[in-house]
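Residue-level structure breakdown
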Amino acid sequence: MADMKASGSSEQENEQLDGAISLNEFMEAERNLEDDARAVLGGSDASTCTYSQGYVQRQALYSCATCQDLSGAVAGICLACSLDCHDGHDLYELYTKRSFRCDCGNNKFQTECKLQKDKEPFNDLNRYDQNFKGVYCSCHRPYPDPDNEDGEMIQCCLCEDWYHDNHLEMKTDIPEYEEMICVGCVRRHPFLVSYQGREPTEPVVIATGEESKEVDIISTSTTSTGCSSTATDASDASSQPTDTSVSDSSVSSDPPSVHHTPSTSGSNGSCKNFTPAPPADCKTLFMTSGWRQELCTCASCALYYKSNHLEYLLDQNDPTHVYEQRSKDSGDSYNSYDKGMNALSNLGRVQQIELLTGYNDMKSSLSDYLKNFASNDKVVTAEDIKEFFEDYGKSKRRRLAVPPSSCH
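Residues numbered from 1 in each chain as written. Predicted model: local features only at pLDDT ≥ 70, side-chain atom pairs only at ≥ 80, totals over all residues. Heavy atoms only, no water.

1. Notes on the overall build of the chain
For the chain, the helix and strand inventory stands at 10 helices and 8 strands. When each of the 408 residues of the chain is scored for burial, the buried share is 39%. In the chain, 72% of the contacts between residues at least 6 apart in sequence involve partners at least 24 apart. Carbon and sulfur atoms form 50% of the exposed surface of the chain, whose accessible area is close to 23400 Å². (Helix = DSSP H or I, 4+ residues; strand = E, 2+ residues; numbered from the N terminus. Buried < 20%, exposed > 50% of the residue type's maximum accessible area, 1.4 Å probe, protein only. Contact = heavy atoms within 4.5 Å. Areas by Shrake-Rupley, 256 points an atom, 1.4 Å probe, with all protein chains shown as cover.)

Take a look at the structure:
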């Protein structure tokens, strides 16, 4: 019996150890989260509205569902306003958007912005899509989607909508790529097909803030087939179409269609955008590194880019991955992981064991606490987490206050 009891106890301890996570693993996970947050938030100021900066080239944006329900207007707000003016509201996280000016407090809202007064009634150059209503992809579903938890979401570099990887109309596996262009944008701008598989003929220069980095890429040219180079009708010409489910009078209308034909004014003597294949061949494009470097800049193409709001394609600082890298490079390199590891190394062996034991005890208690919400299908709120740590702190103090037993 004693052996069986000891064996059972050992098995229980092993199960607990299997479910435990080391402090190093926890801090490593925290560092990855910090890096991801820094990449998205960039140089955003958590206390200053970005409205005075005008139409910011790229920034983290949010949409307030609570205010939308009150006003019926679609709007986007910056990080600072999401934390201050809309504290406690239900928000949609939009990741990053290009060329957007914070709407908080303008005529789309029933309350003023706390951080920036005297705003214009509307930001006429802002563009809004279905993401501002909390839905994404061609399936028009929310994220995270309880009915589609598998796969990943990929953002189109033109319309900036997010798509489930299994909704991209792909017949083969997704190849290695730097940017994705959804099939809807390819149909609107079929000239892009001619750049799939192209790599730059000159070194790509990526601006990272303080200095520029030159990346040498072996030049190869691939002939592609795809959609006709003639632009579609006016109702389908915008690279950032406003979703028909988003009703708002201030949403920018689509630009006029431009009939684009090959010219002879390109740098190599001819326009690079001629693709004679029929529109039926359009498909999602996965663009390789440096493809924007190859974009034609002849007079005809320049007019097309301008008329269809595609000028950002020629801006080397526009791509999301450039924005993210610049954000990471400009962040504090001495993050919480480094600080934590430095503090941990200065502790004695006994103190390190006590710290790890305390952490695993807290993790186990939090896991048990959250299981109740999962079993009852309840949403965990910030107040619930606050209540847990308050109760956990009291419980810990009670345990520490128990006097040792006296010897007789």
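2. Remarks on the side chain of Asp161
Note on placement: Asp161 falls in the loop between strand S3 (153-155) and strand S4 (162-164). Of the side chains bearing the opposite charge, Lys97 lies closest to the buried Asp161, which forms no salt bridge; the N-O distance is 6.1 Å. Within the structure, the side chain of Asp161 is placed 2.7 Å from the side chain of Asn131, a separation counted as a polar contact. If we ignore the near neighbours within four places in the chain, the residues touching Asp161 are Asp129, Gln130, Asn131, Tyr136, Cys137, Ile154, Gln155 and Cys156. (Lys, Arg positive; Asp, Glu negative; His and termini not counted. Salt bridge = Lys/Arg side-chain N within 4 Å of Asp/Glu carboxyl O. Polar contact = N/O pair within 3.5 Å; in protein donor to acceptor, adjacent residues only side chain to side chain.)

3. Concerning the packing of aromatic side chains
Inspection of every chain in the model, using the stated rule, returns 10 aromatic pairs. Look at Tyr177 and Phe286: their rings are 5.1 Å apart centre to centre, the planes differ by 65°, and that puts the pair in the edge-to-face class. Placement of the pair is Tyr177 in the loop between S4 and strand S5 (179-181) and Phe286 in strand S8 (residues 285-287), with a sequence separation of 109 residues. The partly exposed category is assigned to Tyr177, whose relative accessible area is 32%. Residue classification places Phe286 among the buried residues on the basis of a relative accessible area of 4%. (Phe/Tyr/Trp six-rings, centres within 6.5 Å; stacked < 30°, edge-to-face > 60°.)

4. Digging into the confidence of the model for the chain
Scored by pLDDT, the chain comes out at a mean of 73, with 59% of its residues at no less than 70. Low confidence marks residues 1-9, where pLDDT is under 50. Its contacts with residues over four positions away, or in another chain, come to 0 contacts. Taken together, the stretch residues 228-245 has pLDDT below 50 and engages in 63 contacts with residues farther than four places along the chain or on a different chain. (pLDDT = per-residue confidence, 0-100.)

5. A look at the environment of Pro121
Mapped onto the fold, Pro121 is located in the loop between strand S2 (91-100) and S3. In contact with Pro121, other than residues within four places in its own chain, are Asn106, Asn107 and Lys108.

6. Quick look at the pairing of strand S1 (residues 56-64)
Across the 9 residues of S1, 8 count as buried, placing the element largely inside the fold. Two elements, S1 and S2, share 7 bridges in a ladder whose sense is antiparallel. Bridge pairing links Ser63 to Tyr92 in S2. (Pairing = 2+ DSSP bridges.)

7. Quick look at a negative patch on the surface
Together, Glu383, Glu387, Glu390 and Asp391 line one region of the surface with negative charge. Inspection of the secondary structure assignment puts Asp391 in helix H10 (residues 382-401). For Asp391, a relative accessible area of 41% corresponds to the partly exposed category. (Patch = residues over 30% accessible without salt bridge, like charges linked within 9 Å, V, L, I, M, F, W, Y side chains within 5 Å. Charge placed at Lys NZ, Arg CZ, Asp CG, Glu CD.)

8. Remarks on helix H6 (residues 299-307)
Of the residues making up H6, those classed as buried are Cys301, Tyr304, Tyr305 and Ser307. In the core, the buried residues of H6 are packed alongside helix H5 (183-188). After H6 finishes, the residue His309 shows a positive phi value of roughly 55°.

9. Quick word on the pattern of salt bridges
Following the criterion strictly, the structure yields 11 salt bridges and no others. In this structure, a network of salt bridges that share partners links the residues Arg58, Arg98, Glu160, Glu179, Arg292 and Asp318.

10. A word on the side chain of Asp103
In this fold, Asp103 is placed in the loop between S2 and S3. Lys108 provides the closest opposite charge to the buried, salt-bridge-free Asp103, at an N-O distance of 5.2 Å. For Asp103, the side chain forms a polar contact with the side chain of Asn123, separated by 2.7 Å. Side chain to side chain, Asp103 and Tyr128 meet in a polar contact 2.8 Å long. Beyond its immediate chain neighbours, meaning those up to four positions away, Asp103 contacts Ala75, Gly76, Lys108, Phe109, Asn123, Asn126 and Tyr128.

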